Number of protein chains: 2
Amino acid sequence: MSARALPYRPHNHDTCVTQALTDARTICQDRNVRLTPTRERVLELIWQSHKPLGAYDVLAQLSDDGHNAAPPTVYRALDFLQQNGLVHRIASLNAFIGCTHTGEHHTGMFLICQGCGNVLELTAPSVSGAIKVAAEAESFALDDVTLEIAGLCPRCQSEQDETGAPGNE
Amino acid sequence: MSARALPYRPHNHDTCVTQALTDARTICQDRNVRLTPTRERVLELIWQSHKPLGAYDVLAQLSDDGHNAAPPTVYRALDFLQQNGLVHRIASLNAFIGCTHTGEHHTGMFLICQGCGNVLELTAPSVSGAIKVAAEAESFALDDVTLEIAGLCPRCQSEQDETGAPGNE
DNA sequence: GAAAAGTTTGCAACATTATAACATTTCCGA
DNA sequence: TCGGAAATGTTATAATGTTGCAAACTTTTC
Ligand SMILES: [Zn+2]
Ligand SMILES: [Zn+2]
Ligand SMILES: [Zn+2]
Ligand SMILES: [Zn+2]
């Protein structure tokens, strides 16, 4: 899958979303699962924001579409997208964000800016390695890692320096 | 603060809880904050389980006490206990657990057994170090780390080997 | 000690997030 | 084209967490 722009810097976000959808179609074909219109639309809505979107935010936008949707519609689509590695759930926010490392077998590590709300997904082998070692030291059989880091992104740090308060883009 | 038993192995849990409460009193005195009866009782309830307890579980037990409690009572007590480093919230479970490293400035890392539900809190400098480095590489100002690892504890691994299914103590 | 100020709790209502259960429709292979 | 599997619609409900305001309690100040 292609490299993507950082959320912190402006970029052609339409392209960014389009690419994500294209990649998703490919992945679903490869895996022989169905990226139905609802699922695709939910993925698109999530990708249109570099900030995590709550399930009910997605629901509201589906309703704006004229889609007659109820919570299960959204949660089912999100489950599907998660299971196929297309979105991640951010437990500390009860929200969802598009995966920027689809295909690459990875452990997501999320930098969550408390200023602007943007989230950057990283893959840090040194971190996953250290976690694996620590778990093994306890004879713990590792299955799933939740690693979410709250703080301030570079831009919000400088805004805070200047104005005394974090910005909210 | 004194060393504590691992949840995996049987131990005198009354002592374990008593010690935690004693430590908590000391900490609150040092910090000049009030460990009121409600707060202390909530802490005790949480400590009585090595498994994370949901806010409404705590609420139910308070009600059993005859305490006329509503959700805010519990959430406020939990907020207090969190702020003073006496309990942690496990985001992936929406539940709370007593901190086993009170006093020691630390980043909690939690091993959550999917078999028995027990949780072990670790401090792994190699992990926190790697996280810090990764964040710095992105010029991200780290504030709070959520690190929760789901898997199987040693005991549940062997039970699974023997019976084909994880145990539930 | 009494009044003032600050903190904690009680209480009612409400908001948000997530799931259960079952009917209906759509899809896809035989 | 038919029959089973997968996906969606629909309604209701469960689980988790918050707001706002008044009353009670503590600490400080005079
Ligand atoms: Zn990812
Ligand atoms: Zn920011
Ligand atoms: Zn701790
Ligand atoms: Zn276990």
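As a reminder, the structure under discussion sits directly above these lines.
Calculation rules
Residues numbered from 1 in each chain as written. Chains lettered and ligands numbered in written order. Predicted model: local features only at pLDDT ≥ 70, side-chain atom pairs only at ≥ 80, totals over all residues. Heavy atoms only, no water. Near = heavy atom within 4 Å. Polar contact = N/O pair within 3.5 Å; in protein donor to acceptor, adjacent residues only side chain to side chain. Nonpolar A, V, L, I, M, F, W, Y, C, P; charged D, E, K, R; others polar. 1 Å grid on protein atoms, 1.4 Å probe; cavity = no way out; pocket = protein on both sides within 12 Å on 5 of 7 lines; lining within 4 Å. Points joined across faces, edges and corners; volume = space filled by probe spheres on them. Helix = DSSP H or I, 4+ residues; strand = E, 2+ residues; numbered from the N terminus.

A. Spatial organisation of the protein's contact with DNA strand C. Lining the immediate surroundings of DNA strand C are 16 residues, of which Tyr56 and Arg89 of chain A together with Thr36, Asn68 and Arg76 of chain B lie closest. In DNA strand C, atoms within 4 Å of the protein come from the sugar-phosphate backbone in 57% of cases. Tyr56 of chain A is positioned with one of its side-chain polar atoms (N or O) 2.6 Å from a base nitrogen of DNA strand C. For DNA strand C, a base nitrogen lies 2.7 Å from a polar atom in the side chain of Arg76 of chain B. Counted by class, the surface near DNA strand C contains five nonpolar, six polar and five charged residues.

B. Looking closely at the layout of surface pockets. In this model, the largest pocket occupies a volume close to 940 Å³. Considering the residues around the largest pocket, the lining is formed by 38 residues, among which Gln82, His88, Asp144, Val145 and Thr146 of chain B are closest to the centre. The set of elements that each furnish at least two residues to the lining of the largest pocket consists of β5 (141-152) of chain A together with α1 (13-31), α4 (71-83), β1 (87-90), α5 (125-137) and β5 (141-152) of chain B. Looking at the lining of the largest pocket residue by residue, the class counts come to 13 nonpolar, 16 polar and nine charged. Here the second largest pocket defines a volume of roughly 730 Å³. His88, His106, Gly108, Asp144 and Val145 of chain A are, among the 27 residues lining the second largest pocket, the residues nearest its centre. Listing elements by their share of the lining of the second largest pocket, those giving two or more residues are α1 (13-31), α4 (71-83), β1 (87-90) and β5 of chain A. Residue composition of the lining of the second largest pocket, by class: seven nonpolar, 14 polar and six charged.

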